[in-house]
Structure formats: structure tokens, C-alpha cells
Amino acid sequence: MKDFQMKAVYLHSIVSYQVSKHVRMKVRRFIVDCNSLTSGTKAEANMYEAVRSQATSSALAVRNISESRDSIKQLSSKIKEIKGKAAQSEIMVQEICRDIKRLDYAKKNLTLTITSLKRFHMLIKGVDKLEFMVHKRQYREAANLLQAVAELVEHFKNHEAVPKIKELCNTVEQMKDLLSKQIFEDFESLSEISADFYRGSEEENIQYYSASTQTPESLAGACCVVDALGSDTRRMLISTLCKGWLKPYERIFGTGSSDATLEFTKRRYAWFQRALGDNEERFLPIFPNSWQIFGHFAVLFCEYTRKHLKAELGKFDPPESVPVGELVRALRCTLDFEEAMTLRFEEAQGGTKPEEQNLRSTGELSQPSPGTEAKESESKYLVAPFSRSISFVFEPYLVAYVKRESESIRDQLQKVLREEEVDKNGPMPLLSSAVNLFLYIKNSISRCTKFTTGQAFYDLYKEHKACLVQYSNDLNAKVNSTVSSKKGFDVETATTLCFVLNSAEYCADTVSQLEDMVKSKIDTAFVDAVDMEKEQDLFYGNITNSLTSLVNGVESILLPGLQDMTKRNWSALEHVGDQSRHINVISSTISEFVPSTKGLLSEVYFKTFCDKLAFAFLPKYFHSITQCKLIGDYGSQQLLLDTHALKTIFLQIPSDDSTMETFSKFVTSEMEKCEVLLKLVGMPIGTADHLLLENFTLLWPHGAIQDFQTVLDLRGRPRNKQVKILKEAAANGIAEREAKPERISIASPEGTSPAINMSKFDILNAVKGFSADMSSAFESNVNNLQSSYKRAVNKN
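All of these numbers come straight from a predicted model, not from anything done at the bench.

The next subject is helix α18 (residues 491-521). Helix length check: α18, at 31 residues, gives a terminal C-alpha distance of 44 Å against a target of 45 Å (1.5 Å per residue), a fit within 8%. Of all 31 residues in α18, 23 are buried, a share of seventy percent or more.

Bringing the packing of α18 against helix α21 (residues 581-600) into the picture now. In the contact formed by α18 and α21, the axes pass within 10 Å of each other and the chain directions differ by 25°. Overall, the two elements α18 and α21 adopt an arrangement that is roughly parallel. Crossing of α18 against α21: the hand is right-handed. Contact residues: Val-491, Ala-494, Thr-495, Cys-498, Phe-499 and Asn-502 in α18; Glu-592, Phe-593, Ser-596, Thr-597 and Leu-600 in α21. Residues of the contact of α18 with α21, tallied by class, amount to six nonpolar, four polar and one charged.

As a further point, take a nonpolar patch on the surface. A cluster of nonpolar side chains, Met-92, Ile-96 and Ile-100, forms an exposed patch at the surface whose accessible area comes to about 300 Å². As for its placement among the helices and strands, Ile-100 is situated in helix α3 (residues 41-136). Here Ile-100 falls in the partly exposed class, since its relative accessible area comes to 43%.

This next bit is on the pattern of salt bridges. Close approach of charged atoms allows side chains with opposite charge to pair. This structure, assessed with the given rule, holds 17 salt bridges. The partner of Arg-447 in a salt bridge is Glu-405, and the shortest N-O contact between them spans 3.1 Å. Of this pair, Arg-447 sits in helix α16 (residues 432-451) while Glu-405 sits in helix α15 (residues 399-418); the two residues are 42 residues apart in sequence, bridging distant segments of the chain. Its relative accessible area of 6% is what places Glu-405 among the buried residues. Here Asp-459 and Lys-462 are joined by a salt bridge, their closest N and O atoms 4.0 Å apart. Here Asp-459 pairs with Lys-462, and both are found in helix α17 (residues 455-483), just three residues apart, close to one helical turn. Classification of Asp-459 as buried rests on a relative accessible area of 17%.

Looking now at the packing of aromatic side chains. In this structure the tally under the stated criterion is 24 aromatic pairs. Look at Trp-245 and Phe-287: their rings are 6.3 Å apart centre to centre, the planes differ by 75°, and that puts the pair in the edge-to-face class. Note that Trp-245 is positioned in helix α8 (residues 231-245) and Phe-287 in the loop between α10 (265-283) and α11 (293-313), a separation of 42 residues in sequence. Here Phe-287 falls in the buried class, since its relative accessible area comes to 5%. Their ring planes at 90° and their centres at 4.3 Å tell us that Phe-615 and Phe-666 sit as a pair that is edge-to-face. Here Phe-666 lies in helix α24 (residues 661-681) and Phe-615 lies in helix α22 (residues 603-626), a separation of 51 residues in the sequence. No difference in accessibility class separates Phe-615 from Phe-666, as the two residues are buried. Here the aromatic residues Trp-245, Tyr-249, Phe-253, Tyr-269, Trp-271, Phe-272, Phe-287, Trp-291, Phe-294, Phe-297, Phe-301 and Phe-337 are joined through ring pairs into a cluster of three or more. Positioned over the ring face of Tyr-304 is Lys-307, at 5.2 Å from the centre of the ring. Just above the ring of Trp-570 sits the side chain of Arg-568; from NZ or CZ to the centre is 4.5 Å.

Within the secondary structure, Glu-592 is located in helix α21. Taking the relative accessible area as the measure of exposure, Glu-592 reaches 43% and is therefore partly exposed. As for Glu-592 and Asp-490, which are separated by 102 residues in sequence, their C-alpha atoms are 9.3 Å apart.

On to the nonpolar core, then. Core analysis: the biggest nonpolar cluster contains 167 residues, and Phe-187, Phe-287, Phe-609 and Phe-650 have the highest contact counts within it. With 14 residues, the single largest contributor to this core is α18. For Phe-187, the contacting residues outside a window of four places in its chain are Leu-219, Ala-222, Cys-223, Leu-237, Leu-241, Ile-286 and Phe-287.

Mapped onto the elements of the fold, Val-576 is located in the loop between α20 (533-567) and α21. By relative accessible area, which is 33% here, Val-576 ends up partly exposed. In this structure, Val-576 is in contact with Tyr-634, Gln-637, Gln-638 and Leu-641, ignoring residues within four places of it in sequence.

Positioned with a positive phi, Gln-292 is a non-glycine residue whose angle comes to about 55°. Positionally, Gln-292 belongs in the loop between α10 and α11.

Attention now goes to the side chain of Ser-432. Within the element layout of this structure, Ser-432 appears in helix α16. Beyond its immediate stretch of four places on either side in the chain, Ser-432 contacts Glu-419, Glu-420, Glu-421 and Asp-423.

Across the protein chain, the average pLDDT comes to 75, with 75% of residues at or above 70. For the protein chain, per-element mean pLDDT is lowest for strand β3 (residues 743-746), which scores 36, and highest for α18, which scores 91. Contacts for the low-pLDDT stretch residues 192-211, under 50 throughout, to residues beyond four places or in other chains number 40 contacts. The low-confidence segment residues 351-381 (pLDDT under 50) makes 43 contacts with residues lying over four places distant or belonging to another chain.

Rules of the game
- Residues numbered from 1 in each chain as written.
- Predicted model: local features only at pLDDT ≥ 70, side-chain atom pairs only at ≥ 80, totals over all residues.
- Heavy atoms only, no water.
- Helix = DSSP H or I, 4+ residues; strand = E, 2+ residues; numbered from the N terminus.
- Expected span 1.5 Å × (residues − 1).
- Buried < 20%, exposed > 50% of the residue type's maximum accessible area, 1.4 Å probe, protein only.
- Axes fitted to C-alpha atoms, helices over the stretch in contact; angles between N-to-C directions.
- Parallel < 35°, antiparallel > 145°, perpendicular 65-115°, else oblique.
- Left-handed = near helix turned anticlockwise from the far one by under 90°.
- Contact = heavy atoms within 4.5 Å.
- Nonpolar A, V, L, I, M, F, W, Y, C, P; charged D, E, K, R; others polar.
- Patch = residues over 30% accessible without salt bridge, like charges linked within 9 Å, V, L, I, M, F, W, Y side chains within 5 Å.
- Areas by Shrake-Rupley, 256 points an atom, 1.4 Å probe, with all protein chains shown as cover.
- Salt bridge = Lys/Arg side-chain N within 4 Å of Asp/Glu carboxyl O.
- Phe/Tyr/Trp six-rings, centres within 6.5 Å; stacked < 30°, edge-to-face > 60°.
- Lys NZ or Arg CZ within 6 Å of the ring centre and 35° of its normal.
- Core = buried A, V, L, I, M, F, W, Y, C linked by side-chain atoms within 4.5 Å.
- pLDDT = per-residue confidence, 0-100.

Rendered as C-alpha cells:
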């Protein structure tokens with residue numbers, strides 16, 4: 001064991017000399033571990049081998065690090081060597097590229113010089129040829145050459161400081177001016193063509209061209225030259241030619257001439273048609289289609305004509321003094337001419353252009369912008385729009401036409417009122433005046449829109465509104481005259497009121513269609529001002545007035561029977577017989593008027609009539625019972641019989657119509673109230689007060705103190721003996737009825753039906769009666785509207 005320790009100490013000294021501090025620490029830890037060993041040769045051998053391996057690996061690591069440092073130094077030296085060689089190569093490449101660029105610049109300049117010399121030579125030769133062709137008037141060849149010379153001149157534009165180039169450019173400009181002058185001279189000799197030019201044989205027509213330079217072939221070549229000279233020259237030539245063609249027109253129809261008046265407007269357009277035909281026959285092979293010269297000729301003619309007509313119309317002051325017949329004929333001829341020119345020129349160019357929209361909205365032709373002109377010069381040379389190009393000058397003077405139309409409409413209204421008939425061709429019979437009036441208004445709109453859809457049409461629309469207001473007043477007057485007739489209210493009167501109601505319904509429905517028609521035709525600037533709601537409300541007022549008069553008329557026949565009922569002594573009745581005489585009168589009246597009315601009114605308004613009649617009459621029947629002085633036992637039974645008969649009469653009105661449910665409920669409710677009242681009144685005279693009060697509370701749960709007092713009055717109890725039982729009734733919870741509701745006056749517009757007085761209770765009942773059937777009423781109105789419009793169209 002001691003020897004082993006000595007060996008370990010020896011090994012420790014050797015290892016500590018070669019390894020680092022870290023290895024020595026591990027060795028120390030190893031020695032400590034070894035000291036803990038007890039014995040064993042195998043463990044000793046393993047320890048020895050581990051220490052030896054550790055020492056060997058440390059030495060190898062140090063050697064590898066040294067070798068790596070040497071390799072890095074060699075690599076660094078090689079990199080520096082490569083970098084130096086790369087810098088030398090870059091310098092060499094730059095020197096080579098500098099020489100190549102110098103050669104490229106030299107080649108480019110040489111090529112440009114050679115090209116310029118060639119173009120300069122071509123320019124000199126082209127200018128010489130151009131001078132020769134100009135003097136020889138060889139226009140077609142000159143046109144092609146002119147374009148080539150222009151391109152060559154453009155190439156030397158930056159070298160005008162060179163004297164020779166400047167001289168050539170000046171020569172080219174002189175040739176352009178000379179060409180333009182020669183072409184204008186050749187065309188000006190042909191420009192003044194009369195519309196009455198003699199159409200002879202082909203040989204005679206050829207004699208029209210006075211020189212060889214004025215042949216169609218030569219002039220067609222001249223047009224090619226004009227295209228080459230640019231858009232300004234082309235526009236100038238077109239304007240000069242068109243003005244020359246219109247010189248005879250100025251002499252014949254110009255301001256101050258005998259044929260300048262509105263009377264000869266049609267001759268203006270006939271002259272132009274002949275002139276256009278002659279010019280197309282002679283010059284169509286000459287001018288390119290892209291010039292649209294005949295379209296420009298038409299545009300210039302429109303400008304001249306517009307100026308002439310404006311001067312002639314300006315002689316009429318005020319504008320209303322213009323003769324309407326001449327104005328309308330001149331305007332119609334003008335519109336026909338504009339439509340013909342539109343079909344002939346505009347549609348061939350692809351339809352309406354933005355300038356036309358400006359013309360239609362402002363009445364003035366818009367001038368194209370410079371950018372637009374440039375585009376036109378590169379493609380087709382479009383002409384201005386023809387729609388309203390002349391006719392808009394008539395607009396301020398159409399007030400005379402509107403005035404005459406207004407007078408005609410009013411005369412027509414009076415005529416149809418005088419020749420009043422009943423039109424039974426539709427679903428409901430109505431007055432023929434309503435159909436004829438709207439038919440005439442429709443025709444008036446059709447006539448006016450052929451002339452204008454601007455201010456004059458709007459003025460005419462206002463006249464139509466005034467005419468509708470007048471017709472509404474006439475319907476009210478017819479209702480008033482019918483009701484106030486001396487012969488009284490009868491079936492004929494009711495029939496007339498039904499006709500008036502149907503006419504007002506037709507008018508109210510057709511007014512909305514008329515408004516839509518006007519909005520669809522009138523100019524956009526006036527669309528928002530078109531509103532016929534007030535006129536429609538007037539006709540609805542006519543409907544209300546007719547229904548009210550109809551109900552009042554029937555009620556006027558029924559009320560005398562109620563007055564007889566209140567005057568009868570019901571306490572002296574000794575037996576119960578058949579229904580009373582006033583019930584017979586009511587039954588005969590209902591049987592006479594209701595079926596005839598049902599056949600004359602639409603479902604909606606027949607229901608409204610029944611509702612109004614029930615709402616008006618049945619409460620009065622109940623009130624009449626309360627106005628009887630004393631009702632005995634037999635009297636109450638007789639009145640119960642009459643009430644049941646009246647209930648049956650009213651419930652038989654709607655037949656099996658399910659839409660009258662509200663009406664049936666109201667009738668049942670009112671009659672039950674009458675029956676309850678009569679049952680309480682008919683109780684035996686000796687009935688105790690508490691039993692009477694108990695029955696009142698049971699049969700009339702919503703009754704008031706006033707109702708209970710009415711029962712006592714009809715039973716004949718004096719007022720001074722009612723105090724106790726009334727106090728007992730109040731103690732049992734029977735309240736007093738509220739004060740009678742105030743009457744509400746619904747005023748009608750001026751010139752329509754008179755004001756209608758309704759209580760809040762009446763309004764509530766009306767709302768209850770109408771709200772349940774609002775859907776069916778709306779559907780019925782739509783159907784009536786469609787059928788009425790079809791009837792008007794068929795009538796037309």
C-alpha cells in the first residue's frame with residue numbers, strides 16, 4: 001500500500017508539470033478518490049491508464065492549436081496576394097472599357113452623321129420635287145411628298161441655325177402657303193352652287209369644271225394635300241366652302257328679304273335639301289368621307305337658319321303676339337328637319353355625343369376643347385348635334401301656344417260638361433266628362449312634347465293643373481245642385497251622386513298616372529317641380545263630399561220615421577202587433593237605395609257608404625228611443641220587435657260579403673244597446689229598485705248614471721223619486737258619463753266640398769270601421785287604377 005502511494009505521488013508531479021491548472025485540479029480530486037480505495041490491482045491498473053490517457057490528450061491539443069495558427073498565417077498571406085492581383089485586373093478592365101466606349105461613341109456619331117447627310121440629301125431632293133409639283137399643281141403626288149418633307153424638316157428642327165437648313169425650312173413653308181393658296185383658289189371658283197342648278201347630261205356637268213386643275217381627280221388630290229397641311233387648314237377650307245354654298249341661301253332667306261318670314265320656313269328646308277343633293281352629286285367623289293363636309297354644311301345651315309328665325313321672332317313683342325298657326329307650322333317643319341338630319345348624319349357617326357346633352361339642357365351648342373379637337377383631327381371629323389339646334393329659338397315664344405292650348409282645354413271642358421253622358425264601358429259607370437278631359441290632356445301633352453319638353457311644357461302642365469282644379473269644382477257644384485234639387489232625394493239623385501263619386505275616383509287615380517307621364521317627358525330641370533298631390537286631394541274631397549251627400553240623402557228619408565216614433569204614445573199601447581210603420585219606411589228605403597248603390601259603386605266605397613250610413617243613423621235611432629216620453633209594457637215589447645227587425649234589415653245589407661265584418665259588428669253592438677235599454681224599461685212596474693239596479697249592472701255593465709236615469713225616465717218615475725236609487729247606483733260603482741265630446745271641424749280646400757263636422761267619437765268609429773279593411777281597399781284602388789287607365793287608352 002505504501003508503494004502504491006509513492007507511485008501516485010510520482011505521477012502527480014509529472015502530470016502537474018505538463019497540464020493546466022484545471023487538469024491538476026482533476027488529478028487532485030482523483031488522488032483523493034484513490035486514497036479512498038482499499039485495495040485491488042485491477043483498480044490500480046485502470047487508474048494508471050486513465051492518467052496516461054489524460055496526459056497524452058493534453059499534449060495533442062496543444063500541438064493542434066499551434067498547427068492551426070501556422071495555417072491561418074499562410075492563408076492570410078495568400079488572401080493579400082489575391083487582393084492585390086484583383087486590383088490590378090480591375091485597373092486593366094477599366095482601361096479596356098474606356099477604349100471600347102470611345103469607339104462606340106465614335107461609331108454612333110459616325111452613323112448619325114451618315115444618316116443626317118442622307119436625310120439632308122433627301123430633303124434637298126424632296127424640296128426640289130415639291131417645288132416642281134406645286135408649280136405643276138400635281139396635288140396627289142405633292143400630298144405624299146409633303147408628308148415626307150415634313151418628317152425630314154422635323155428631323156432638322158434642332159439645327160435651324162445652319163443657314164442651308166434654315167433656307168430649306170423656309171422654302172417648305174413657302175410651298176405650304178403656296179399650296180394652300182392654290183387649293184383655295186381652285187375650290188373658291190366652285191364654292192357658290194345654287195340649289196336650282198340645272199341638272200344636265202354628264203358632258204354638260206363636266207363643263208362646270210373650267211380648268212384641268214379643277215377636275216374631280218385633281219380636287220381629290222388637293223384634299224389629300226389639305227390633310228397633310230393640318231387640321232387648321234382643313235377646317236378653314238370646309239368653312240369657306242360651306243359659306244360659299246350658302247351665299248344663295250343668304251340672298252333668298254336672309255334677314256330683311258321677302259322670304260325670311262315664318263311663313264316660308266318650310267321653303268328654307270326644301271332649298272337646303274335640294275342644295276345638299278346637288279352638292280353630294282357633284283362633290284361626293286372629291287371630299288374624303290372622314291371630312292363629313294356635308295354634315296358641316298348642314299350644321300352651318302342650321303346656324304344661319306337659327307340666326308334668321310331668331311331675328312324674325314324678335315319682331316313680335318310681346319312674345320304672346322306671335323301668330324300661333326305660323327309658329328306651330330314653322331316649329332313642326334323645324335323639328336322634322338332636325339330629325340331628318342339626325343338620322344342622316346348623327347346616327348351614322350355612332351349616336352348622340354356629349355355636346356348634344358349640353359344643347360338639350362342649355363339650348364346652346366358647346367365648343368369642343370382643344371384636346372377634343374386634336375383627337376378629332378386624328379380620326380373622324382364629327383359634326384355638331386342637330387337635335388334642338390334650331391328649334392330651341394322658338395322656346396320663349398311658345399307662350400302663345402300654351403295660351404291657346406289652355407283656352408282650348410277650357411273650351412273642351414265646358415263642351416264635355418254640356419254634352420255630359422254616362423260612360424258604362426269600364427268596371428264602374430262614370431261621367432264621360434272625366435274620361436274625355438284626361439284624354440284631351442293626354443293628347444295635349446303628346447302635341448306639346450313634339451315641340452318642346454322645357455319651359456313651355458312646364459307652363460302647359462300648370463294649365464292642366466288649373467283645369468283639373470276647375471273640374472273638381474264643377475263636380476262639387478254638380479253634387480250641390482243635385483242635392484238641392486226641388487224634387488228631393490230619390491234614386492235618380494243617388495245614382496247621379498254615385499256617378500260623380502266614380503268620376504272623382506277615376507280622376508284621383510288617373511292624376512298620379514298623369515304626374516308620372518309628365519315627369520317622364522319633361523326636362524330634368526323641371527322634374528322636381530312636378531307635383532299633383534293637391535289636385536289628387538281635391539278629387540278625394542269630391543269623393544268624401546259625394547259619399548256624405550249620399551248618406552245624408554238616405555238619412556233624410558229615414559229621419560221622419562224616427563220623429564214619428566218619438567211622438568207616439570208607447571204607454572197606451574194595448575197589444576203587440578206587427579212591426580211599426582216607421583220600420584216599414586226604413587225597410588223600404590234601404591231596399592230601394594242600397595241595392596242600386598251597390599251596383600254603382602266599387603266594393604271599397606260601397607262598404608264606406610254602408611259604414612257611414614250605420615254610424616250616422618243607428619246612434620240616432622237609440623237617441624230617438626231615449627226621447628220617448630213614457631214606454632209601457634206592450635210599448636217596450638213592440639219596440640223590441642221593431643229593433644230586432646231594424647237589426648235584421650241592416651245585417652242583410654252586406655249579404656255574404658266577409659269584408660263587411662266591421663259593419664256587422666257595429667250594427668250588432670248598437671242594436672244590442674237598444675235591446676238592453678228596452679228590456680230594462682219593460683221590466684214589471686212593481687220591480688224592486690235593487691232588482692232593477694242589479695239587472696242594469698248585469699245587462700249594461702258599461703252603462704253610466706245617465707243611462708240608468710234614462711231607464712227610470714222611460715219607466716215613468718219622476719225625477720224627485722230617483723235621487724235615492726241614483727245614489728245607490730253610484731255607490732255600486734256606476735260612474736257618470738264624461739261630457740259630450742267637442743265637435744271637430746275638418747275644413748276643405750277652397751272651392752271644394754264644405755267643411756265636415758265630426759266628433760271625436762265619430763272619428764274613432766270611422767277609424768275602427770276603415771282600418772280593418774285597409775289592405776283590401778288598397779288592392780281595390782290599384783285594380784281600379786289599372787282598369788281606368790286601360791279604359792282611357794282604349795277610348796283614345
